[in-house]
Amino acid sequence: MGRGTEIGRVRGLGAAKSGVHHWWLQRVTAISNLALVVWFIVSLVRLPDLGYQTVTDWIGQPLVTVPLILFVVSVFWHLRLGLQVLIEDYLHEGTKVASLLALNAFAVAGGLVGVFSILKIALGA
Amino acid sequence: MASVNRPLSPHLGIWRWRVHMLVSILHRATGDGLAIGGTLLFLWWLVAAATGPEAYETFLSIASGWVGITILVALTWAVYQHMMSGIRHLAMDTGWGYDLATSKLTAILTILASLTLTAITWALILYV
């Protein structure tokens, strides 16, 4: 055990020893989602049309490319945490473990597909 | 786990429906619906735009048909409902709003706000 008082050593630690980490990150990504989703919707509504040229030109602007990448990271991180709770509530034993692994694969691969697509448009490949 | 028929605590069926329950369930349903359906549609849009004009045109022709619009309106509502209910959760995380009157009022407000914002968003897209 570390130093400090007894309460200081156990504060924030549940049975899994990771304490409030999941809870906290879900709130942090909720707040970043809030800002980025509002920005995303307002931006799309303000575009003159949603055709190929307009949309790819829009994504290619640096002040859009970067927030859009942040949007993908924030949303996929948040959904990774949210779906984890759903799986833990309704699935058990082996099915739960398999589903959590599939969820991680979906979140990482999906996020990467999104980020790569944005970069491909922005860098004009 | 050994399957023994132990008595279960009363489940959904016996409770009278209240708006707090509805909003709580909608928060999970909209969140998980968006996490799967919303992201797949979003990725299709991005990948189509990254692939080229023909792929994007295919996406747009499906998305702007009546089935596509219906799904997009439903997803927009899901975004707003989850967002409003999420803001309510963040406020309640501070310890605020647990008394019955406030809790009921804020639950009703999330529904009114999500429907209003969905209507405004689509009015702007379709008519402005």
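In this text, all values refer to a predicted model and were calculated from it rather than measured experimentally.

### Looking at the overall build of chain B
Then, in step 1: Summing up its helical and strand segments, chain B has four helices and zero strands in all.
Then, in step 2: In terms of its C-alpha atoms, chain B occupies a principal-axis envelope of roughly 60 × 45 × 25 Å.
Then, in step 3: Each of the 128 residues in chain B was classed as buried or not, and the buried ones make up 35%.
Then, in step 4: Here chain B displays about 8000 Å² of accessible surface, and carbon together with sulfur accounts for 73% of that area.
Then, in step 5: For chain B, the separation between the mean place of its 6 positive charges and that of its 5 negative charges on side chains is 25 Å.

### Observations concerning helix α3 (residues 66-93) of chain B
Then, in step 1: Between its first and last C-alpha atoms α3(B) spans 40 Å; for 28 residues at 1.5 Å apiece the expected length is 40 Å, and the two agree.
Then, in step 2: Two residues or fewer after α3(B) comes G95(B), characterised by a positive phi angle close to 100°.

### With respect to the interface of chain A and chain B
How big an interface is tends to be expressed through the accessible area that disappears when the partners come together.
Then, in step 1: Contacts between the two partners involve 39 residues from chain A, matched on the other side by 28 residues from chain B.
Then, in step 2: Together, I41(A), V45(A) and Y52(A) form the three largest contributors to the area buried by chain A at its contact with chain B, with a combined 21%.
Then, in step 3: For D93(B), the salt bridge goes to R27(A), with nearest N and O atoms at 2.8 Å.
Then, in step 4: Mapped onto the side of chain A that touches chain B, the elements with two or more residues apiece are α2 (21-46), α3 (52-60), α4 (62-90) and α5 (93-122) of chain A.
Then, in step 5: Within the side of chain A that touches chain B, the residues separate by chemical class into 28 nonpolar, seven polar and four charged.

Procedures and definitions
- Residues numbered from 1 in each chain as written.
- Chains lettered and ligands numbered in written order.
- Predicted model: local features only at pLDDT ≥ 70, side-chain atom pairs only at ≥ 80, totals over all residues.
- Heavy atoms only, no water.
- Helix = DSSP H or I, 4+ residues; strand = E, 2+ residues; numbered from the N terminus.
- Buried < 20%, exposed > 50% of the residue type's maximum accessible area, 1.4 Å probe, protein only.
- Areas by Shrake-Rupley, 256 points an atom, 1.4 Å probe, with all protein chains shown as cover.
- Lys, Arg positive; Asp, Glu negative; His and termini not counted.
- Charge placed at Lys NZ, Arg CZ, Asp CG, Glu CD.
- Expected span 1.5 Å × (residues − 1).
- Contact = heavy atoms within 4.5 Å.
- Buried area = accessible area lost by both parts, 1.4 Å probe.
- Salt bridge = Lys/Arg side-chain N within 4 Å of Asp/Glu carboxyl O.
- Nonpolar A, V, L, I, M, F, W, Y, C, P; charged D, E, K, R; others polar.

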